[in-house]
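This is what each chain is made of:
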Amino acid sequence: GISKTFGDLQALDDVDFEVRAGEVHCLAGENGSGKSTLIKIITGVYQPQKAELFELFGETVRSISPTGARNRGVSVIWQDLALFSHMSVRENICFDDMVGLKPKAVHYGEMDRKAHAVLERLGVPLELDMPLEALSIARRQIVAIARALMNDARLIFMDEPTASLSRSETDHLLDIVHKLSADGVAVVFVSHRLAEVLEIASRVTVLRDG
Ligand code: ADP
Ligand code: MG
């Protein structure tokens, strides 16, 4: 069980959490119940109170770093999306493949092919040269999902992805979540809106007071 304290506050107390391959799993619970903290521990942003054993895709791991999580196929769509607004769609989608390489070592042609393939998989054609800041929040979210798929994500956490979307944008995102799930990608979806949860989730975990 995962435990986490912040000073005197016990944010998570012995929480067990399991996601099945390809399922849409809703993580529900009121504000402050520990949902984001749980996601941050599973994806290596925070370390838990005690050494924790995680089983990821059949492999047991003792501790996880953000890079380790990504390399193992676990990605997060953060509430603030963690994108670069002054960069292009291409640079945002391909960021993890480009970072650390010298400009001449980047295979732009191949990257573009892969980025187009990922966007096609999501059913959303986007112009790769477009500056990110020209896109709506809903489109930026798709860029963040595309970036996860570029990293071959098999498990994607979405932390309150619908909070700032309109009804039709929400419907479109739910379609994309269905598509990912049909492709074998598990999605853990955080939402307050019960209607959304019931519409999309195959299983639900409710956190209460950690
Ligand atoms: P949720 O995502 O379900 O709204 P959080 O995981 O963000 O809940 O927060 C769980 C509890 O931990 C809350 O009481 C919150 O104030 C506290 N908390 C979260 N992150 C920190 C932090 N970095 N430092 C101190 N307290 C935190
Ligand atoms: Mg939260």
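Our subject is the structure listed above.
Being a predicted model, the structure only gives us computed values, none of them experimental.

Cut-offs applied
- Residues numbered from 1 in each chain as written.
- Chains lettered and ligands numbered in written order.
- Predicted model: local features only at pLDDT ≥ 70, side-chain atom pairs only at ≥ 80, totals over all residues.
- Heavy atoms only, no water.
- Near = heavy atom within 4 Å.
- Polar contact = N/O pair within 3.5 Å; in protein donor to acceptor, adjacent residues only side chain to side chain.
- Areas by Shrake-Rupley, 256 points an atom, 1.4 Å probe, with all protein chains shown as cover.
- Nonpolar A, V, L, I, M, F, W, Y, C, P; charged D, E, K, R; others polar.
- Salt bridge = Lys/Arg side-chain N within 4 Å of Asp/Glu carboxyl O.
- Helix = DSSP H or I, 4+ residues; strand = E, 2+ residues; numbered from the N terminus.
- Buried < 20%, exposed > 50% of the residue type's maximum accessible area, 1.4 Å probe, protein only.
- Pairing = 2+ DSSP bridges.
- Axes fitted to C-alpha atoms, helices over the stretch in contact; angles between N-to-C directions.

Visitor: Can you walk me through the site of ligand 1 in this structure?
Guide: Every residue lining ligand 1 is accounted for by Phe6, Leu9, Ala11, Glu30, Asn31, Gly32, Ser33, Gly34, Lys35, Ser36, Thr37 and Tyr46. Measuring from an oxygen atom of ligand 1, one finds a backbone N or O atom of Ser33 at 3.3 Å. Contact distances for ligand 1 include 3.0 Å between an oxygen atom and a backbone N or O atom of Gly34. Protein chains shield 62% of the accessible area of ligand 1, which is 560 Å² for the free molecule. Across the shell around ligand 1, the residue classes break down as 4 nonpolar, 6 polar and 2 charged.

Visitor: Is there a simple way to think about the pattern of salt bridges in this case?
Guide: A side chain of one charge can pair with a side chain of the opposite charge when the charged atoms of the two come close. Scanning the entire structure with this criterion turns up 12 salt bridges. Arg203 is the partner of Glu18 in a salt bridge, and the nearest nitrogen-oxygen pair spans 3.2 Å. In this pair, Glu18 sits in the loop between strand E2 (9-15) and strand E3 (24-28) while Arg203 sits in strand E9 (residues 203-206), placing the two residues 185 residues apart along the sequence. Judged by relative accessible area, which is 22%, Arg203 ranks as partly exposed. Taking the shortest distance from any N to any O, the salt bridge between Glu23 and Arg203 comes out at 2.9 Å. Of the two residues, Glu23 sits in the loop between E2 and E3 while Arg203 sits in strand E9, which places them 180 residues apart along the sequence.

Visitor: Explanation requested: the sheet that holds strand E7 (residues 155-158) in the structure shown.
Guide: As a general point, the strands of a sheet are linked pairwise by backbone hydrogen bonds and lie either parallel or antiparallel. On the basis of which strands lie adjacent, the open sheet formed by 5 strands has the order E6-E7-E8-E3-E9 and parallel pairing. The open sheet has two edge strands with one neighbour each: strand E6 (74-77) and E9. Pairs of neighbouring strands in the sheet enclose a mean axial angle of 20 degrees, with direction left out of account. For E3 and strand E8 (residues 186-190), the ladder comprises 4 bridges, and the chain directions are parallel. Within E8, the residue paired with Val24 across the bridge is Val187.

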